[in-house]
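# A closer look at the structure
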Amino acid sequence: MKVMAQMSMVMNLDKCIGCHTCSVTCKQAWTNRTGMEYVWFNNVETRPGVGYPRGYQDQEKWGGGWVRDKRGRLRLRSGSRLAKLARIFSNPKLPGMDDYYEPWTYDYDMLVNAPSGQHTPVARPKSLITGKDMKISWSANWDDDLGGSVETMQQDPILRKMSEEVSAEFEKAFMFYLPRICEHCLNPACVASCPSGAMYKRAEDGIVLVDQDACRGWRMCVSGCPYKKVYFNHKTGKAEKCTLCYPRIEVGLPTVCSETCVGRLRYLGLVLYDVDRVAEAAAVEDEHDLLDAQRSVILDPHDPAVIEAARRDGIPEDWIASAQQSPIHRLIQEYRVALPLHPEYRTMPMVWYIPPLSPVVDVVSGSGNDGEDARTLFAAIDKLRIPIGYLAELFTAGDVRPVDAALRRLAAMRSYMRGVNLDDERDDRIAEAVGMTGAEIEEMYRLLAIAKYEERY
Amino acid sequence: MTPGIRTDVTPSTDGALAESLVGLGRYLRPGAVSADLRSVFLQGGRAGDAFYRDRWSHDKVVRSTHGVNCTGSCSWKVYVKDGIITWEAQQTDYPSIGPDSPEYEPRGCPRGAAFSWYTYSPTRVRYPYIRDALARLYRAAKAEHPDPVDAWASIVEDPEKARSYKRQRGKGGLIRTTWDEVLEIAAAAHVHTVKEYGPDRIAGFSPIPAMSMVSHGAGSRFLNLVGGTMLSFYDWYADLPVASPQVFGDQTDVPESADWWNAGYLIMWGSNVPVTRTPDAHFMTEARYRGQKVVTVSPDYTDNTKFADEWVAPHPGTDAALALAMGHVILREHFVQKRTARFEDYLRRFTDAPYLVALEERDGGLVPGKFLTASDLDPETAAQARADFKPVLLDAEGSPVVPNGSLGHRFAAEDEGRWNLDLEGVEPPLSLRDLGSGDSAEVRLPRFDLDPEPGQEHAGGSGVVVRGVPVRTVAGKTVTTVFDLMLAQYGVGREGLPGVWPTGYDDESTPGTPAWQEMHTSVPAPQAIRIAREFADNADRSGGRSMILMGAGTNHWFHSDTIYRTFLALTTMTGCQGVNGGGWAHYVGQEKVRPITGYQQYAAAADWGRPPRHTIGTAFFYLATDQWRYDGLPADQLSSPLGTGRFADQTTADCLVESVQRGWMPSYPTFDRNPLDLCDEAEAAGKEPAQHVVDSLDDGSLHFAVEDPDDPANFPRVMLIWRANVLGSSGKGNEYFLKHLLGTDASVRASQAGPGSRPRSMTWRDQAPEGKLDLLVTADFRMTSTTLFSDIVLPAATWYEKHDLSSTDMHPFIHAFNPAIAPPWQTKTDFDTFGLLAEQFSRMARTHLGVRRDLVAAPLQHDTPDAMATPHGRVQDLPRTPGVTMPKLVVVERDYPNLHERWKALGPLAERLGMTTKGITYHPEVEIARLKRENGVVASGPYAGSVRLDSDRRVCELILAFSGTSNGRLAVQGFRQLEKHTGQELAFLAEEHEGAHLSFQDVSVQPRSVITSPEWSGSEHGGRRYTAFAINVEHLKPWHTLTGRQHFYLDHDWMDELGEALPIYRPPLDMHRLFGDVVPGTTSAAEVHVRYLTPHSKWSIHSEYQDNLFMLSLSRGGPTIWMSPQDAAKIGVRDNDWIESYNRNGVVVARANVSHRMPEGTVYMYHAKDRTVDVPLSEISGQRGGIHNSLTRILLKPSHLIGGYAQLSWAFNYLGPTGNQRDEVTTIRRRNQEVQYR
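Residues numbered from 1 in each chain as written. Chains lettered and ligands numbered in written order. Predicted model: local features only at pLDDT ≥ 70, side-chain atom pairs only at ≥ 80, totals over all residues. Heavy atoms only, no water.

Before going further, it helps to spend a moment on the overall build of chain A. Tallying secondary structure elements over chain A gives 22 helices and 14 strands in all. Taking the principal axes of its C-alpha atoms as reference, chain A extends roughly 70 × 60 × 45 Å. Relative to its full complement of 457 residues, chain A shows a buried share of 68%. A separation of at least 24 residues holds for 71% of the contacts in chain A among residues at least 6 apart in sequence. Surface accessibility of chain A: about 14,900 Å² in total, with carbon and sulfur atoms responsible for 49%. (Helix = DSSP H or I, 4+ residues; strand = E, 2+ residues; numbered from the N terminus. Buried < 20%, exposed > 50% of the residue type's maximum accessible area, 1.4 Å probe, protein only. Contact = heavy atoms within 4.5 Å. Areas by Shrake-Rupley, 256 points an atom, 1.4 Å probe, with all protein chains shown as cover.)

The structure is reproduced here in structure tokens:
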């Protein structure tokens, strides 16, 4: 066992209102520069939808992440390092401008400076790439709130993977939001892809960074990252990516996207993990086992053996204490409501998500049952407006059981707390039905609902 | 790093060759390699990290916020480096609201987070601008007339010259000039207008003072000292819920968002909280974890539907039918089949339900008439003071009782201590049935939900239902109770009553039932029943913690007052109003200037003269933009079939004229003559000015200006706009603004009303004026349609460049604006701009104006004895008596040469007369003494020794000192006064903070919680969450209504005429029937006819941020219209195709956003899409493609014009016609995809 610390994030999608404040505050702080116009270290996707860049989840096309070969070894999907070296001057698996979008501005000057003329002045769009007039036909968030669904929704790679048919009908409409940053993976494909050794994972907190001095702009990291969260600065010719706001983390401040999240859905914290077991965990054969494999790499910070090993491996005392208080550990390991994004990419991502629970009661009530009754509530989780199969394709490589279990716990919390709220009654049977105690449910409720600043970060 | 540890190589990466290379590499370079060869551990090599540390570094962080458009009032950290604003992020330091609730941090949204883009953006107005055509004229005139006022007069009084620059408005040609020149022209225009036409021909528009009180107040104060007119915004925006004054006698008072947390059941009805209340939405998502059930009601699949346990999707505008059916279920199941004690008790004590209404004979049947009052009872009772404003109920034995707390008790000295809700042991029956056997009678009630009879389309789809109520005879009149009328109205039958009743919930033949609503809304009856039951059961179980969060989706309709009354009936009949976690929660454009008394004193310049000229924005624009000429809506088309024909031959414009003449609503310009001259004439004639006006009106030598808005004498001449974008956002009937108010090109497609449908009480001039306005001045920091059409554009400081105050009703804090940088380039704060304008004005006034007397016609005012001008709401033709049957006529002295001195000093009236808010007068002697030391005093001049108000910070201190919410001494003082009125203990609500006083420094350090004050109806006492009417329910303080209780029933003649005495369903206006418009849902050739709705946008707040590059990059980069795949398919439109949308009022060009989120037959163009960004020329009009309001126009509803009667009395932004725009229909077509921009 070799203990390392990882700064990690959990986002509770059940609370995400899709406002994009995180995207804007991040953009303003970090990527509001030339060469970076199209870059969103943090973006928010409406699902179902094609995401940003368009269709990034289609690894058949983009070749990001790792694959497990017949001998049980992990190999970069886009080819070995040698293969990469061989085509270092022409990397075909890069998203193009059409896949991101052509950034633009407007000739705002006309509003102030238009001479006397026949018509009211207007600022028309101009490409930031060519400087020419353009018709805007794609953006960083084109299909927000199911916009243009008839045209593009079926291109969502997740929908195409699902066995269940999802049609664009008014009565069956559903959506939820997926905010994304760099996953700061335990097994980062971008780092492994870099021919220059310019990408690294910091030893003390696991943040994955691009050394701006060492980057030679080969862009293999862009191809290697299955989440497409490394970007190419076309002004400096270097790769840039989400830094998990290390200049803030280092002085004890949460990331910009976390602190400015008005949905209050982001949790930040340290987890301890066994670095020696990462490769093994990332290489388990059955994709459905990846979730548990990754959980097994994460160490219990209260375990005396782990504490001892951590001390031995040079983890400072206050870091161990932080890991013990971490909301991340509770959400991933104790309440087990948080799940990783696309574990099947085998990068061991460390930004996890609580799946969205909505709406359940609708379905239950529609069937003539009491929508507030805990028993019927559970029965209905497989009838969610958001198909559980969709969530499973995002978070569990298609295995619906962990998603179902997480949603049941959220539903149980609502049901249990309604009793407390309205009648001051604590029905432990509800908690037991999801393998928790009432006290645990109340603790989880405090973390998810009351969610004080100090508890979130 | 532990290089010693080695295990057997098992899992690995890549192939053997790579592995061996890496394996080899470990011997060639420093660092440790992991056993599996997966990782290399290196020391150092992190110099490159400095790049991002450098990027993060900054010199300072300043607290500020955003000052208009939005009611979020979020506190922000503004980062500054090297004197440049770099970015902003939300503050997280709000005072805690307790261990068991989520906190307010971090408040904010993506729009606010993108604000700093404006600071250095290419759309920033950096210098003063003037249109070249006007500049040439003025500079030439100045050469001829050295005096600026003479020079200005030589231009505007020359029709040729005037037309020449007005025609150029909005067509570019703005040129840079100097502050000196623009201030000179603006001041000259003001002086000329005051002298020639009257000060009330100058109008100012600036909304939402709560979000920047000083910026708003500085301009308002200037205008009020001039005698100019400030236009209301809340009603104009259609954000004012007229039902609130009707039911509560209060403008709008709602829970803070943290109180959503306390609700057990939450219906979001036409309010898309994640988009429109972004910083607050988390309280909803989090409350679900507490077991709150969440229901959304919305015609489309909205953002908040994602969180809902149930989604109810009625047809747009039919919400009242759903709410009526829910009320039907609740009344039946909780008041008839079973009797829920808590609900009944609440209705008895806090509503008009038990009050007696006399039934009147009309056309051979009975209809509900007037409240029975003390004046109807025995002579001794009838002799009480204001007995005609003391409604009556029965005690448990059936004897009439005059309970405390009615309007009649409010102002009479002999009733001091009796204005309270104490029923003194009386337990009034809700229904006369409760008194045992009795008579019953059939009453006739209107309905408006029918299809018109063939051949009777002009009469509309109205009809009559006959239902029975128990009656008895009291004081010689046949009476019943409001509650009995409610059961009749809602179709809840009881054994043995006559009339036509539904046979059950599934009976769709008669109004009120769940099956009936399904016909109108498409909402399945079982769903309506279920939600009604759950809502009421939750309220019963939780003690009133069921809440309806309502917003623009239901409040922007012509008949929104009726929609909202059906909602409020639900929260009231279940005892939820005044309860934490319960009641109505109206969130659209609502705002709360927490320190309202201090703000009002400053902004109204009430320390120098009273009353101010405040008027109803909708009517002002209706007249000024000549929309009235295209309207011709016959008022009797809106009438009840049971009406008396009161509106026969009247248009709704005639109703406005009548309202103004009667003093119900204000209107400026008031008379067709300069109000300064009226005083001089009176003096010459040796009469009091008021008498002179009455005599002149009587002999026909003087007229109200409203009767002839197209007479040049009655034009508004100068308009000042700041913190606003009327022409690119709020201006309903945008194209009419351009054509008639401004006199430039417009896309109006309608024809004017024909001779048969013109207002009978207004003068029709064959030639409609174009270009009424001589000067339009706008101060802004960015270019909007309003600046583009202005004659003069003043460069304004942004919100990060000034001192100011912010508060809201969404949270209980006051916090500060502070300058992160000084105003850059030649920009100035609004405060400094108006100071300079006042200085210039005063200088010119010395020679041109001097000291004058001004006759102000003030309407009958709410919260004063004026509200008793119309006993029983009987509208009669009586002789002119100012303050009773017509406006009050008040002379105000205007010391024009000293106007600037007054503007920047505190006047004497605050101390001499006190400061009155909602009927409570505050006396700030102690505060004035302290302010003299804090702010300092004026050193010399006519007002030496007065408190200095010559900086924005000093004004902030004044506002904070002069309100109970920020100064505990005044809160306690106000409550003591209220204790005298009510005889109830109240002062303890504020005594815990009697010594507390917030300073500007305090609210700059951290947002600070307000103090409970009688300025508002809720309580923060003991750290509780604010909810409206807590003081009424818990401490028996009356509502400011006729009965002192919440009203289901409104007995004014006009309400009766409109058939809206009780909550009722009125469908959206049938624009086809009324104006010959297209029928939504139909198709013709390559065009589709659809409902046109303009909900609030995710990527802008009104027009602000819609031009912001970040917001545009995250959306579709310009105006779009959302439509259903079905509608798009009908006209061959694909996503992102260019389309045109047109109707009578104008044309809009946009791109289609085709989504299955949208229901067929309805399109959305999100509010407010200005024409400034990516709007090509229209194929249809040949002009720039318009804004969302190019397709709308103003329609007046007579019920909004009532005044002078109890809670139906005017106050600023409290009552007035709404600028509603939801009933419009439009035609959409695919256009040529080759668009042209110029």
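Here the focus is the overall build of chain B. Looking only at helices and strands, one finds 42 helices and 39 strands in chain B. A compact globule built from 1238 residues would reach a C-alpha radius of gyration of about 33 Å, and chain B, at 31 Å, matches this within 12%. For chain B, the residues scored as buried account for 73% of the 1238 residues in total. Sequence-distant contacts, at least 24 apart, represent 76% of the contacts inside chain B between residues at least 6 apart. (Rg over C-alpha atoms; globule rule 2.2 N^0.38 Å.)

So, about the packing of aromatic side chains. Residues and elements named next belong to chain B. Enumeration over the complete set of coordinates arrives at 74 aromatic pairs over all chains. Each ring, one from Y94 and one from F813, has its centre 5.6 Å from the other, and the planes form 40°; the classification is tilted. Highlighted residues: Y94 in the loop between strand 5 (84-90) and helix 3 (110-113) and F813 in strand 27 (residues 813-817), separated in sequence by 719 residues. Here F813 falls in the buried class, since its relative accessible area comes to 0%. (Phe/Tyr/Trp six-rings, centres within 6.5 Å; stacked < 30°, edge-to-face > 60°.)

For the structure on display, the rule yields 119 salt bridges over all chains. The salt bridge partner of D145 of chain A is K1098 of chain B, with a shortest N-O separation of 3.3 Å. With D145 of chain A in the loop between strand 6 (125-127) and helix 5 (149-152) and K1098 of chain B in the loop between strand 34 (1087-1093) and helix 41 (1109-1113), the pair connects residues from two separate chains. With respect to burial, D145 of chain A and K1098 of chain B carry one shared label: buried. The network of salt bridges with shared partners includes R202, E204, D205 and E250 of chain A together with D49 and R53 of chain B. (Salt bridge = Lys/Arg side-chain N within 4 Å of Asp/Glu carboxyl O.)

Mapped onto the fold, T347 of chain A is located in the loop between strand 13 (339-340) and strand 14 (351-354). Excluding residues that lie within four positions of it along the chain, T347 of chain A makes contacts with G65, W66, C185, L186, N187, P188, A189, P226 and Y227 of chain A.

The sites that UniProt annotates as "domain: 4Fe-4S Mo/W bis-MGD-type" (unreviewed entry) are residues 59-123 of chain B. With 6% helix and 28% strand, the stretch residues 59-123 of chain B has end C-alpha atoms that lie 27 Å from each other. (UniProt positions renumbered as here; feature names shortened; annotations may be inferred.)

What follows concerns the sheet that holds strand 4 (residues 76-81) of chain B. All names here are of chain B. Reading across from one edge, 3-4-5 is the order of the three strands in this open sheet, with antiparallel pairing throughout. Of all the strands in the sheet, the pair left with one neighbour each is strand 3 (60-64) and strand 5. Taken over all neighbouring pairs, the strand axes of this sheet differ in orientation by 30° on average, direction set aside. Pairing geometry for strand 3 and strand 4, over five bridges, is antiparallel. (Pairing = 2+ DSSP bridges. Axes fitted to C-alpha atoms, helices over the stretch in contact; angles between N-to-C directions.)

The next point concerns the interface of chain B and chain A. With 137 residues of chain B at the contact, the number on the chain A side is 132 residues. Both faces considered, chain B and chain A share a buried interface measuring about 11,600 Å² in area, 53% of it formed by carbon and sulfur atoms. Considering only the side of chain B, the residues that lose the most area to chain A are Y52, Y289 and H1156 of chain B, jointly responsible for 9% of the buried surface there. Counting the contacts that link chain B with chain A gives 15 salt bridges. Here E105 of chain B and R264 of chain A are joined by a salt bridge, their closest N and O atoms 3.4 Å apart. (Buried area = accessible area lost by both parts, 1.4 Å probe.)

A word on the sheet that holds strand 14 of chain A. All names here are of chain A. Strand order in the open sheet formed by four strands is 12-1-14-13, and the pairing between neighbours is mixed. Two strands bound the open sheet, and with one partner strand each, they are strand 12 (266-274) and strand 13. By the bridge criterion, two bridges tie strand 13 to strand 14 in an arrangement that is antiparallel. Looking at the pairing, P340 lines up with W352 of strand 14.

What follows deals with the environment of A83 of chain A. All names here are of chain A. Note on placement: A83 falls in helix 3 (residues 81-86). A83 gets classed as partly exposed once you look at its relative accessible area, which sits at 31%. The sequence separation of A83 and G197 amounts to 114 residues, and the corresponding C-alpha distance is 16 Å.

Let us look at the packing of helix 17 (residues 514-521) of chain B against helix 18 (residues 525-542) of chain B. All names here are of chain B. As a packed pair, helix 17 and helix 18 sit with axes 8 Å apart at the nearest point and diverge in direction by 120°. Comparing the axis directions of helix 17 and helix 18 gives the class oblique. The hand of the helix 17/helix 18 crossing is right-handed. Together, P514, A515, Q517 and E518 of helix 17 and A525, A528 and I529 of helix 18 make up the contact between the two elements. Among the residues forming the contact of helix 17 with helix 18, the class breakdown is five nonpolar, one polar and one charged. (Parallel < 35°, antiparallel > 145°, perpendicular 65-115°, else oblique. Left-handed = near helix turned anticlockwise from the far one by under 90°. Nonpolar A, V, L, I, M, F, W, Y, C, P; charged D, E, K, R; others polar.)

Our focus in this paragraph is the environment of V230 of chain A. All names here are of chain A. Note on placement: V230 falls in strand 10 (residues 230-233). For V230, a relative accessible area of 1% gives the class buried. In the structure, V230 is positioned 60 residues away from L290 in sequence and 24 Å away in space, judged by C-alpha atoms. Setting aside its immediate chain neighbours within four residues, V230 contacts Y100, C190, M199, C221, V222, C225, A239, E240 and K241.

What follows deals with helix 6 (residues 159-166) of chain B. Given 3.6 residues to a turn, an α-helix orients residues that are three or four positions apart in the same direction. Residue and element names in this part refer to chain B. Listing the buried residues of helix 6 in full gives A162, Y165 and K166. Burial along helix 6 is one-sided: seen end-on, the buried residues are contained in an arc of 100°. Against helix 4 (132-144), helix 5 (148-156) and helix 28 (734-742) lie the buried residues of helix 6. (Arc of directions from axis to C-beta.)

Residues and elements named next belong to chain A. The tally for this structure, following the rule as stated, stands at zero disulfides over all chains. In this structure C182 is a free cysteine whose sulfur lies 5.3 Å from that of C242, the closest cysteine sulfur available. The thiol sulfur of C225 is not disulfide-bonded, and the nearest other cysteine sulfur, from C190, lies at 5.9 Å. (Disulfide = S-S within 2.5 Å.)

The next thing to look at is the nonpolar core. By size, the foremost hydrophobic cluster in this structure holds 509 residues, and its most contacted members are F205, F222 and F841 of chain B. Residues V1088, V1090, M1123 and A1152 of chain B belong to the second largest nonpolar core, which totals 17 residues. (Core = buried A, V, L, I, M, F, W, Y, C linked by side-chain atoms within 4.5 Å.)

Time to look at a negative patch on the surface. Together, D300, D303, E334, E440 and E443 of chain A give the surface a local cluster of negative charge. Tracing the sequence through the fold places D303 of chain A in the loop between helix 12 (290-297) and helix 13 (304-312). (Patch = residues over 30% accessible without salt bridge, like charges linked within 9 Å, V, L, I, M, F, W, Y side chains within 5 Å. Lys, Arg positive; Asp, Glu negative; His and termini not counted. Charge placed at Lys NZ, Arg CZ, Asp CG, Glu CD.)

Our focus in this paragraph is the environment of M213 of chain B. All names here are of chain B. Note that M213 resides in helix 8 (residues 213-226). Considering only alpha carbons, one finds M213 and R288, 75 residues apart in sequence, at a separation of 36 Å. Here M213 is in contact with V593, P595, Y599, D804, L805, S806, S807 and I959, once residues within four sequence places are set aside.

Attention now moves to the packing of helix 12 (residues 319-336) of chain B against helix 18 of chain B. Residue and element names in this part refer to chain B. Packing of helix 12 against helix 18 leaves a shortest axis separation of 9 Å and a crossing angle of 55°. Looking at the two axes, helix 12 sits oblique to helix 18. Judged by the sense of rotation from one axis to the other, the crossing of helix 12 with helix 18 is right-handed. In this structure, helix 12 uses L322, M326, V329, I330, E333 and H334 to contact helix 18, whose residues at the interface are A528, I529, I531, A532, R533, F535, A536 and D537. Each residue belonging to the contact of helix 12 with helix 18 can be placed in one class, and the counts come to ten nonpolar, one polar and three charged.

Residues and elements named next belong to chain A. Structurally, the position occupied by T46 is in strand 2 (residues 43-47). T46 sits in the buried class, given a relative accessible area of 1%. Residues contacting T46, with those up to four places away along its chain left out, are D143, D144, D145, L146, M175, F176 and Y177.

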